[in-house]
Amino acid sequence: AEEEDTLRERAQRRIDEVDAVIAILGDGAVEIVSADIVRTVRNVLEGELDDIQSLLSPVTIRIKVSSQDEDSTTVPVCIATLCMPPRYPDVELLMLVSLSSEMLTKEQGNKLAEEVRASLADNADGNEQVYDTIMEIEEVYKSFVAKSNKRTEGQQQQVVEDNADDYHAVIKIDHMNDSVKYIKTLKKWCEAEKLCARIFHKKQRSDLGKRVEGVFVCLRGGNDAIKSFITQLRTEYVDIDGKGVKCRERKSTVLCHRPQSKVKEGEKEVEAFDGFAVEEPYNTEKDLEDQLAGLNLLHVGDGSQRFVNAS
């Protein structure tokens with residue numbers, strides 16, 4: 001039998017995590033399915049009840065995951081049922097029991113759940129996983145909603161209107177740990193969406209291997225194609241973390257996303273550029289500014305804050 005102290009420590013971590021999630025998301029977003037078990041465990045941990053076996057009971061919670069589509073319109077809530085097994089979090093993984101929503105068929109819910117389960121397994125490190133899992137579900141669900149919306153009649157009409165003019169976007173990416181594979185993935189997306197791109201990054205340091213920093217991705221093409229690219233960047237695996245594990249892009253910022261004809265007073269329309277190219281690495285901030293100025297994409301913000309969201 002496992003030591004009582006170990007059982008108590010695990011149980012306390014599970015209860016603390018439930019309390020933390022409720023504090024972050026609010027009572028209305030979290031339902032404790034196994035409420036009786038949680039009450040019993042609390043009593044045991046506080047010394048008001050002698051029932052050590054109850055510390056081996058799994059804790060199940062149901063969470064309402066809210067999301068918005070690309071137009072900031074709230075979409076139907078996704079319900080996630082999560083179970084903390086007896087030896088969670090240090091030995092056993094958090095279990096995603098199910099995902100359901102008005103927008104999901106049973107098959108679609110199962111498919112999205114499998115995607116999240118795979119991510120849980122990839123990122124297992126013995127620490128609490130509930131909040132990160134909720135964020136993962138939100139991203140996966142949001143991506144599904146974005147793709148579904150493209151098939152609606154209203155979205156099809158929007159495609160006609162949006163594609164009347166080329167759009168441009170500038171995306172800042174903090175770093176790429178495996179720049180070779182990362183850039184290859186971006187090129188594949190651009191070819192699939194018929195986007196043109198220019199990529200700038202700082203000169204590589206010899207001690208960082210394939211890692212590059214200070215990356216700017218300039219895009220030209222249809223509005224929906226750029227939206228799809230941005231969605232893929234946020235939801236698909238594109239890089240590896242410090243441990244060599246596949247990861248999504250968490251440190252990117254869309255500095256601008258606008259029609260070619262929409263520019264600031266006194267500036268020219270952005271000149272067209274074709275194909276996909278990685279430009280000569282820059283050494284200084286001035287080098288970068290010269291490269292962006294060559295595309296008339298330097299001042300995408302205001303004054304000293306030009307590198308901010310200006311969409």
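Summarised in this report is the structure supplied together with it. As the structure is a computational prediction, the values presented were derived from the model and not from experiment.

### Focus on the nonpolar core
- In this structure, I61, I63, M84, L96, L99, V130 and I137 are the most contacted members of the largest nonpolar core, which totals 35 residues.
- Those elements that place two or more of their residues in this core are α1 (4-25), α2 (35-45), β2 (59-65), β3 (78-84), β4 (95-100), α3 (106-122) and α4 (130-149).
- Ignoring any residue separated from it by four or fewer positions in sequence, one finds L99 in contact with C78, I79, A80, G109, L112, A113 and I137.
- Residues I183, W189, V212 and I230 belong to the second largest nonpolar core, which totals 24 residues.

### Some points on the pairing of strand β8 (residues 237-240)
- One ladder, built from 3 bridges, connects β8 with strand β9 (residues 246-248); its direction is antiparallel. Bridge assignment links D239 to a residue of β9, and that residue is C247.
- From the end of β8 to the start of β9, which pair antiparallel, there are 5 residues, and G244 there has a positive phi angle of about 85 degrees.

### Comments concerning the layout of surface pockets
- Roughly 640 Å³ of volume is contained in the largest pocket.
- As for the largest pocket, its lining consists of 25 residues, and the residues nearest its centre are S119, N123, D132, E136 and R250.
- Listing elements by their share of the lining of the largest pocket, those giving two or more residues are α3, α4 and β9.
- For the lining of the largest pocket, the leading source of residues is α4, giving 7 residues.

### Here we look at the packing of α1 against α2
- α2 packs onto α1 with a crossing angle of 125 degrees between their chain directions and a minimal axis gap of 10 Å. The angle between the axes of α1 and α2 places the two elements in the oblique class. In this structure, α1 crosses over α2, and the sense of that crossing is left-handed. The segment α1 lies against α2, with R8, A11, Q12, I15 and D19 engaging V38, V41, R42, V44 and L45.
- Residues of the contact of α1 with α2, tallied by class, amount to 6 nonpolar, 1 polar and 3 charged.

### Things to note about the packing of aromatic side chains
- Within the structure shown, the criterion is met by 1 aromatic pair.
- Centroid distance W189 to F229: 5.7 Å. Interplanar angle 85 degrees. Geometry classified as edge-to-face. Separated by 40 residues along the polypeptide, W189 in helix α6 (residues 179-193) and F229 in helix α7 (residues 223-235) bring together distant segments of the chain.
- The exposure class of W189 is buried, given its relative accessible area of 4%.
- Judged by relative accessible area, F229 falls into the buried class, the value being 1%.
- The positively charged end of R248 is found above the aromatic ring belonging to Y237, 4.4 Å away from the centroid.

Conventions used here
Residues numbered from 1 in each chain as written. Predicted model: local features only at pLDDT ≥ 70, side-chain atom pairs only at ≥ 80, totals over all residues. Heavy atoms only, no water. Core = buried A, V, L, I, M, F, W, Y, C linked by side-chain atoms within 4.5 Å. Buried < 20%, exposed > 50% of the residue type's maximum accessible area, 1.4 Å probe, protein only. Helix = DSSP H or I, 4+ residues; strand = E, 2+ residues; numbered from the N terminus. Contact = heavy atoms within 4.5 Å. Pairing = 2+ DSSP bridges. 1 Å grid on protein atoms, 1.4 Å probe; cavity = no way out; pocket = protein on both sides within 12 Å on 5 of 7 lines; lining within 4 Å. Points joined across faces, edges and corners; volume = space filled by probe spheres on them. Axes fitted to C-alpha atoms, helices over the stretch in contact; angles between N-to-C directions. Parallel < 35°, antiparallel > 145°, perpendicular 65-115°, else oblique. Left-handed = near helix turned anticlockwise from the far one by under 90°. Nonpolar A, V, L, I, M, F, W, Y, C, P; charged D, E, K, R; others polar. Phe/Tyr/Trp six-rings, centres within 6.5 Å; stacked < 30°, edge-to-face > 60°. Lys NZ or Arg CZ within 6 Å of the ring centre and 35° of its normal.

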